Amino acid sequence: MRMTTAGIALLLAAAVPAVVVLGTGAASTAAPASVSTTAAPVVAAAAPSVLRAAGPVPSSWEGGHAVAVAPRWWPQGKAHPSAAWPALWPKPVAFSPMRKGPLSGLVIALDPGHDIGNRSHVSLINKKYWVGLTKTCNTTGTATNAGYPEATYNFDVVARLRRLLVANGATVVVTRDRNSASTYGPCVGARGAFPSQEKAAFMVQIHADGGPASGRGFHVIAPALYQGYTDDMYIGSRALGNAMVVGMRTQGFRPATYLSKVVQIRKDQGGLNTSDVPTVTVETLNMRNAADARLAMSSAGRQKVAAALYAGILRYARTR
Ligand SMILES: [Zn+2]
């Protein structure tokens, strides 16, 4: 979506220097209970740079230098083109590179889908907005049969992926800084508008599917050509999607057995329609499938997913 309010965003960017370093207090409230501080996942098939960065998994703010990003505007629809981020939303956050590497110079946006607090803010989550179609602000996401929520999984995988990226030279901007019962959102339109506001080259949205229990595997959702919305980024998104498929395969993940195509081209995704840079959603596994649920609920499994996503991003960065 081409935004007429880009000038406003630039003004805000100039007026609000993002130099607020998150303290340890913020870290302890922001880190989800599921983030292990002791696990040392093994990433057997990973490239050497990935192995070095995999290490013990610390709290979600370690690895890279966390800098709060001033919340910007977000598209509310045709009648109300932009608005400030509500106070109840998690805040966006940026991480600077830890060292030089193959991704040096790149700003990469990550979007961990949903928020654990969505389920306790039902009326706000169900408010409808125009994002190329009328959609609710967000949804609660799925969960494993044992009750491990997708929002928590997404947040944990993004924390691991972000560590790999900053260890290999990238600057990483993330749409939400916490997975908290007291926050909700951001709405999908805000997630879509986020990467270009932060001058990111592209965005990967991390999700897990709630598919049929009998099927397992990953798939990627890329935007269809939608004039006025995705015409500026659908070709790049297709390339990003294909790279993510290759990346997922490097760690042994297989395309979803319950879909005919591993890359689903869709026009109904608000976060894709409203983005101005190449953007895809990776449905990394199927939480309703017993084998995939075991992967999702183990720190080694989530590290493997992060390593696969890293491989896909590295591939796209080298070929785009
Ligand atoms: Zn989801």
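Every value quoted in this text rests on a predicted model; they were computed, and no experiment measured them.

Colleague: I'm lost on the overall build of the chain in this one. Help?
Modeller: A tally of helices and strands in the chain yields 10 helices and 12 strands. When the 320 residues of the chain are sorted by exposure, 57% land in the buried category. Across the chain, every contact between residues at least 6 apart in sequence was considered, and the portion connecting residues at least 24 apart equals 83%. Approximately 12500 Å² of the chain is accessible, and the part contributed by carbon and sulfur atoms is 58%.

Colleague: Honestly, the coordination of the zinc ion in this entry has me stumped. Any pointers?
Modeller: Here the zinc ion is held by the protein donor atoms His 114 (NE2), Glu 150 (OE), Glu 150 (OE) and His 207 (ND1), which lie 2.1 to 2.8 Å from it. Taken together, the 4 donor atoms surrounding the zinc ion define angles of 52 to 144° at the centre, an arrangement classified as irregular. Here the donor residues for the zinc ion map to a single chain with the spacing H-x35-E-x56-H. Of this pair, His 114 sits in the loop between β5 (107–112) and α4 (122–125) while His 207 sits in strand β9 (residues 202–209); the two residues are 93 residues apart in sequence, bridging distant segments of the chain. Judged by its relative accessible area of 7%, His 114 falls in the buried class. Its relative accessible area of 14% is what places His 207 among the buried residues.

Colleague: Would you mind going over the state of the cysteines with me for this structure?
Modeller: Working definition: the covalent bond between the sulfur atoms of two cysteines is a disulfide. As enumerated under the stated definition, the model contains 1 disulfide in all. Sulfur-sulfur distance for the disulfide between Cys 137 and Cys 187 comes to 2.1 Å. As the torsion about the S-S bond is roughly -105°, the Cys 137-Cys 187 disulfide counts as left-handed. One end of the pair, Cys 137, is in the loop between β7 (134–136) and α5 (150–167); the other, Cys 187, is in the loop between β8 (171–174) and α6 (188–197), and 50 residues separate them in sequence. By the burial criterion, Cys 137 is buried, and Cys 187 matches it.

Colleague: Got a minute to help me understand the environment of Tyr 184 in this structure?
Modeller: Secondary-structure assignment places Tyr 184 in the loop between β8 and α6. As a C-alpha pair, Tyr 184 and Cys 137 span 47 residues in sequence and 9.6 Å in three-dimensional space.

Colleague: Is there a simple way to think about the side chain of His 114 in this case?
Modeller: Of the polar contacts made by the side chain of His 114, one reaches the backbone oxygen of Thr 139; its length is 2.9 Å. Among the polar contacts listed, one links the side chain of His 114 to the backbone nitrogen of Gly 141, at a separation of 3.5 Å. What His 114 contacts, discounting residues up to four positions off in sequence, is Asn 138, Thr 139, Thr 140, Gly 141, Glu 150, Ala 151, Asn 154, Arg 176, Gly 185, Arg 191 and His 207.

Colleague: What is the right way to look at the pairing of strand β11 (residues 263–266) in this model?
Modeller: Regular strands place their side chains on alternate faces of the sheet. In terms of strand pairing, strand β10 (residues 219–223) meets β11 through 4 bridges, oriented parallel. The residue of β11 that forms the bridge with Ile 221 is Gln 264. A crossover connection joins β10 to the parallel β11 through helix α7 (residues 234–250); in handedness this β-α-β unit is right-handed.

Colleague: Which parts of the structure should I look at to understand the pattern of salt bridges?
Modeller: Side chains bearing opposite charge may pair, as long as their charged atoms lie close to each other. Within the structure shown, the criterion is met by 7 salt bridges. Between Asp 115 and Arg 176 there is a salt bridge whose closest N-O contact spans 3.3 Å. Remark: Arg 176 occurs in the loop between β8 and α6 and Asp 115 occurs in the loop between β5 and α4; sequence separation between them is 61 residues. Both residues of the pair, Asp 115 and Arg 176, count as buried. Between Arg 178 and Asp 177 there is a salt bridge whose closest N-O contact spans 3.0 Å. Judged by its relative accessible area of 4%, Asp 177 falls in the buried class. Among the charged side chains, a salt-bridge network with shared partners connects Asp 156, Arg 160 and Arg 302.

Cut-offs used in this document
Throughout, a residue's number is its position along its own chain's written sequence, starting from 1. Only residues with pLDDT of at least 70 get local features here, since the model is predicted, and only at 80 or more are side-chain atom pairs given and counted; chain-wide, interface and lining totals rely on the full set of residues. The basis for every side-chain value is the complete set of heavy atoms in the structure, and neither hydrogens nor water enter the calculation. Comment: elements are numbered from the N terminus, with helices defined as DSSP H or I runs of at least four residues and strands as E runs of at least two. Each residue gets one of three labels from its accessible area relative to the maximum for its type: buried under 20%, exposed over 50%, partly exposed in between, using a 1.4 Å probe on protein chains only. Throughout, a contact is declared for two residues whenever any of their heavy atoms are within 4.5 Å. Using the Shrake-Rupley algorithm and a 1.4 Å probe, accessible areas are obtained, with residue cover drawn only from the displayed protein chains. In this description, a donor is an N, O or S atom within 2.8 Å of the metal centre, a cutoff extended to 3.2 Å for sodium, potassium and calcium. Water is not part of the atom list, which can make sites seem incomplete. A four-donor site is classed as tetrahedral when every donor-metal-donor angle falls between 85 and 135 degrees; four donors are called square planar, and six octahedral, when trans pairs exceed 155 degrees and all remaining angles lie between 65 and 115, with any other arrangement labelled irregular. We call a pair of cysteine sulfur atoms a disulfide whenever their separation is within 2.5 Å. In protein, a polar contact requires one atom able to donate a hydrogen and another able to accept it; more generally it is a pair of N or O atoms within 3.5 Å, and residues adjacent in sequence count only if both atoms are side-chain atoms. In short, DSSP must find at least two bridges between two strands for them to pair. Here is how to tell: hold the view so the strands point away, follow the path from the first strand over the helix to the second, and if it runs clockwise the crossover is right-handed. Salt bridges, as used here, are contacts in which a Lys or Arg side-chain nitrogen is within 4 Å of a carboxyl oxygen on Asp or Glu.

Any functional reading would require information that these geometric values do not contain.
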